[in-house]
Amino acid sequence: MKWTVGIDIGSVSTKAVLFNGEQVDSKIIPSGWSPSQAGQEVLERLLKPQELTRDDISLLVGTGYGRIQQGMFDKTFSEITCHARGVHYLLPEACGLIDIGGQDSKVIGFGEKGKVEDFVLNDKCAAGTGRFLQVTAQTLGLEVSQLSDLAKDADPADINSMCAVFAESEMIGLLAQGITIESIVAGLLKSIAKRISVMAGKIHFQDTVAFCGGVAQNQVLKDLLSQEIGCRLAVPPSPQAVGALGAAILGYEL
Ligand code: ADP
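My aim in this report is to walk through the structure given alongside it, one point at a time. What you are looking at is a predicted structure, and each value in this text was computed from that prediction instead of being measured.

Rules behind the numbers
- For every chain, the first residue of the written sequence is number 1, and numbering continues from 1 onward in sequence order.
- In keeping with the predicted nature of the model, local features appear solely for residues at pLDDT of at least 70, side-chain atom pairs appear and are counted solely at 80 or more, and the whole-chain, interface and lining totals rest on all residues.
- Side-chain figures throughout are based on the complete set of non-hydrogen atoms in the structure, without hydrogens or water.
- Only DSSP runs of H or I with at least four residues qualify as helices, and only runs of E with at least two residues qualify as strands; both kinds are numbered from the N terminus onward.
- Computation of the radius of gyration draws on C-alpha atoms alone. For the globule rule, the value is 2.2 Å times the number of residues to the power 0.38.
- Accessible area is worked out with a 1.4 Å probe on protein chains only. A residue is then buried under 20% of its type maximum, exposed over 50%, and partly exposed in between.
- Contacts are assigned to residue pairs with any non-hydrogen atoms lying within 4.5 Å of each other.
- Only the protein chains shown count as cover for residues, with accessible areas throughout obtained via the Shrake-Rupley method and a probe of 1.4 Å.
- For the purpose of counting charges, residues Lys and Arg are taken to be positive, whereas Asp and Glu are taken to be negative. His and the chain ends are not included.
- By convention, the charge on Lys lies at NZ, on Arg at CZ, on Asp at CG and on Glu at CD.
- What qualifies as a polar contact is a pair of N or O atoms within 3.5 Å, subject to a donor-acceptor requirement within protein and to the restriction that residues adjacent in sequence count only when both atoms come from side chains.
- Each pair of strands is called paired provided DSSP finds at least two bridges between the two strands.
- To get an axis, a line is fitted to the C-alpha atoms, and for a helix only the part in contact is used. The angle between two axes follows their N-to-C directions and goes from 0 to 180 degrees.
- Definition used for salt bridges: Asp or Glu carboxyl oxygen within 4 Å of a side-chain nitrogen of Lys or Arg.
- Here, a disulfide means two cysteine sulfur atoms that sit within 2.5 Å of each other.
- Note on terminology: near, applied to a residue and a molecule or strand, indicates that one of the residue's heavy atoms is within 4 Å of it.
- Only protein atoms enter the 1 Å grid used here, on which a cavity is any set of points holding a 1.4 Å probe that cannot leave and a pocket is any open set flanked by protein within 12 Å on both sides along at least five of seven lines; residues with an atom within 4 Å of a point are listed as lining.
- To qualify as sitting in a cavity or pocket, a molecule needs more than half of its atoms within 2 Å of the grid points.
- Under the scheme applied here, ten amino acids are nonpolar (Ala, Val, Leu, Ile, Met, Phe, Trp, Tyr, Cys and Pro), four are charged (Asp, Glu, Lys and Arg), and all others, including Gly, are polar.

**Description of the overall build of the chain**
Along the chain, the regular secondary structure elements total eight helices and 10 strands. Against the compact-globule benchmark of 18 Å for 254 residues, the chain has a radius of gyration of 19 Å, which places it among compact chains. Burial status across the chain gives 52% buried among its 254 residues. Taking the intrachain contacts of the chain between residues at least 6 apart in sequence as the baseline, contacts between residues at least 24 apart amount to 65%. In the form shown here, the chain has an accessible surface area of approximately 12,000 Å², with 48% of it arising from carbon and sulfur atoms. A gap of 4 Å separates the mean positions of the 21 positive and 29 negative side-chain charges of the chain.

**Thoughts on the side chain of aspartate 25**
Tracing the chain through its elements places aspartate 25 in strand S3 (residues 23–30). Within the structure, aspartate 25 has its side chain in polar contact with the side chain of glutamine 50 (distance 3.4 Å). With near-sequence residues (within four places) excluded, aspartate 25 lies in contact with Ala16, Val17, Leu18, Leu46 and Gln50.

**Description of the sheet that holds S3**
Strand order in this open sheet of five strands is S3-S2-S1-S4-S5, and the pairing throughout is mixed. One side of each edge strand has no neighbouring strand; the edge strands of this open sheet are S3 and strand S5 (75–76). Alignment of strand S2 (residues 13–19) against S3, held across seven bridges, turns out to be antiparallel. By the bridge assignment for S3, serine 13 is matched with proline 30. Seen against the sheet, helix H1 (residues 35–47) touches strand S1 (3–9), S2, S3 and strand S4 (57–63) and runs at an angle of roughly 140° to S3.

**A word on unusual backbone geometry**
Positioned with a positive phi, lysine 113 is a non-glycine residue whose angle comes to about 55°. Here lysine 113 is to be found in the loop between strand S7 (105–110) and strand S8 (116–122). Not every positive phi belongs to a glycine, and serine 238 is a case in point at roughly 55°. Tracing the chain through its elements places serine 238 in the loop between strand S10 (233–234) and helix H8 (242–253).

**Describing the pattern of salt bridges**
Using the criterion set out here, one finds nine salt bridges in the structure. Taking the shortest distance from any N to any O, the salt bridge between lysine 106 and aspartate 104 comes out at 3.6 Å. An identical accessibility class is assigned to lysine 106 and aspartate 104; each is buried. One continuous salt-bridge network, built from bridges that share partners, spans Glu79, Asp99, Asp104 and Lys106.

**A short note on the state of the cysteines**
All chains considered together, the criterion is met by zero disulfides. Considering cysteine sulfurs only, cysteine 212 is the nearest to cysteine 82, which forms no disulfide, with 12 Å between them. Taking the relative accessible area as the measure of exposure, cysteine 82 reaches 0% and is therefore buried. Unpaired in this structure, cysteine 231 has its nearest cysteine sulfur neighbour in cysteine 95, at a distance of 6.0 Å.

**A word on the site of the ligand**
The full set close to the ligand counts 18 residues, and Val12, Ser13, Lys15, Gly102 and Gln134 are the nearest of them. Taking serine 11, its side chain carries an N or O atom lying 3.0 Å from an oxygen atom of the ligand. For the ligand, an oxygen atom lies 2.9 Å from a polar atom in the side chain of glutamine 240. Against a free-state accessible area of 580 Å², the protein chains account for coverage of 87% of the ligand. Judged by its atoms lying within 2 Å of the grid points, the ligand is housed in the largest pocket. Mapped onto the shell around the ligand, the elements with two or more residues apiece are S2 and helix H3 (130–140). With three residues, the single largest contributor to the shell around the ligand is H3. For the shell around the ligand, the class distribution of residues is four nonpolar, 13 polar and one charged.

**Looking at helix H7 (residues 219–229)**
Within the span of H7, buried status applies to Val220, Leu221, Lys222, Leu224 and Leu225. Buried positions along H7 lie against strand S6 (96–100), helix H4 (147–151), helix H6 (181–200), strand S9 (209–212) and S10. N-capping of H7 is provided by asparagine 218, with a side-chain oxygen placed 3.3 Å from the backbone N of valine 220. Following H7 by one or two positions, glycine 230 has its phi on the positive side, about 80°.

Structure (structure tokens):
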């Protein structure tokens, strides 16, 4: 049997997918300070339960910012190529995708058969990325996974700062004025949705758009983003591992 593995070494988490014509298993671990160590560790955790070794893998494909300067991969592809392939496999009806990860966000428009036609990337600024949510959660003494539930029924506060650093001080100012944490979090999520919708406005989406990356697990943000963009957003299963899945599929197809 032909086995391939895709590994996406991101700024926050490292994802791995085992593929043999279909997705067999996936693993997600924190990237920590050493991308190469994270890559090796996630591979071991993926293969061991399947009683496979590196020699059983026909092609080990890398993606993500940590793929650079790695001796471990047989082949590497850009995150854009891998995300597009992963989304097209999981949601063939999607006309594009929005990926919000730990330190960047990207919006990709597809042509025929999920081919990348156009994309917009933000990797220069923390606003509109998972980093913004991590700073928010940290400032409020919460976990990122709690933000959605907290904001669910709240009236969003007006957050004017588009910059993560200024937003943090604005947040503290609003707390001092007696604005509830729930409203502040809802306001911050709205500001991310607005920022991403500006990027998405450059790609002409018509129909279903896939929403992936770790931040896609935030349901309130998904709803706000869908309203801002005016398109249906579909979150694939395991939205964080879509790039790794795409890498594994691209390897399988070589
Ligand atoms: P990267 O590929 O850059 O490592 P990921 O796609 O793995 O990024 O996403 C990491 C981001 O996902 C974190 O910065 C965090 O904000 C967000 N995140 C992680 N878990 C959750 C969750 N349960 N709900 C919402 N956001 C989350």
